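Single-letter residue listing:
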There are 2 protein chains.
Amino acid sequence: MTDPHPTVGLDDTVHQRSRLGILALLRSGVGIEFASIRNELHLTDGNLNRHLKVLEDAAFISSRRETGRGRPRTWVTITAAGQAALEQELAALRALIAAAE
Amino acid sequence: MTDPHPTVGLDDTVHQRSRLGILALLRSGVGIEFASIRNELHLTDGNLNRHLKVLEDAAFISSRRETGRGRPRTWVTITAAGQAALEQELAALRALIAAAE
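The model shown is predicted, which means the values in this text are computed figures rather than measured ones. (Residues numbered from 1 in each chain as written. Chains lettered and ligands numbered in written order. Predicted model: local features only at pLDDT ≥ 70, side-chain atom pairs only at ≥ 80, totals over all residues. Heavy atoms only, no water.)

### Notes on the sheet that holds strand β3 (residues 73–78) of chain B
Residues and elements named next belong to chain B. Read across the open sheet, the three strands follow the order β1-β3-β2; overall the sheet is antiparallel. The two strands at the open ends of the sheet, each matched to only one other strand, are β1 (32–33) and β2 (61–66). Direction of pairing for β2 relative to β3: antiparallel, over a ladder of six bridges. By the bridge assignment, S63 is partnered in β3 with V76. (Pairing = 2+ DSSP bridges. Helix = DSSP H or I, 4+ residues; strand = E, 2+ residues; numbered from the N terminus.)

### A short note on the relation of the copies chain A and chain B
Rotating chain A by 180 degrees and moving it 0.0 Å along the rotation axis overlays it on chain B with an RMSD of 0.0 Å. Taken together, these values place the two copies in the relation of a two-fold axis. Of all interface residues in chain A, 96% are interface residues in chain B too; the two copies therefore contact each other through one and the same surface. (Least-squares fit on C-alpha atoms with pLDDT ≥ 70 in both. Contact = heavy atoms within 4.5 Å.)

### Looking at the UniProt feature "domain: Winged helix DNA-binding" (unreviewed entry) in chain A
As annotated by UniProt and renumbered to match this structure, "domain: Winged helix DNA-binding" (unreviewed entry) occupies residues 19–97 of chain A. Note that residues 19–97 of chain A is 58% helix and 18% strand, and that its end C-alpha atoms are spaced 20 Å apart. (UniProt positions renumbered as here; feature names shortened; annotations may be inferred.)

### Notes on helix α4 (residues 45–57) of chain B
Residue and element names in this part refer to chain B. Between its first and last C-alpha, α4 extends 18 Å over 13 residues, near the 18 Å set by a 1.5 Å rise per residue. If you check which residues of α4 are buried, you get L48, H51, L52 and L55. Projection of α4 onto a plane perpendicular to its axis shows the buried side chains occupying an angular sector of 105 degrees, all on one side. Among the structural elements, α1 (12–15), α2 (17–26), α3 (34–40), β2 and β3 are those in contact with the buried residues of α4. (Expected span 1.5 Å × (residues − 1). Buried < 20%, exposed > 50% of the residue type's maximum accessible area, 1.4 Å probe, protein only. Arc of directions from axis to C-beta.)

Here is the structure:
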């Protein structure tokens, strides 16, 4: 038996382009504001909301709405499960790249 | 201006998990038989056909059906455009991994 191809284990919850970007940005564990993620990844509000919903349903991120003076802000943070899923994705990508070299 | 995030330039035609696997398998330029790709990537016939159609429409692969004695076989080969698209994807993934380290 040889190992399965590195792409076989990839999970679309994490591998999908924008969600991979979101998790990579959040990787350090520091919370990031919704608008910063949206701008960094060139997404629309609707698009980012949709991807955050998928990640939140998978328990890979949590978000917190901050109201007070000025406009409300939403802060997004990666969870431990999200960090583990991202590490697994990055390991598969490293294996893919190594196999291609 | 800082560079855009590495995931911003990813193209789903190539980034999608199974299609990334297909192109990575074909990368050397040697044609591979349909059944070998299907088995290697744990896909069904229908699934692989669907992904090959997307890649063929993008002119990233070509396929050739070989008939003769025994069962017909379909051979799949990456094109120069497909190789270029795969290299661009791998470069973006390398940048993503480098940023995460």
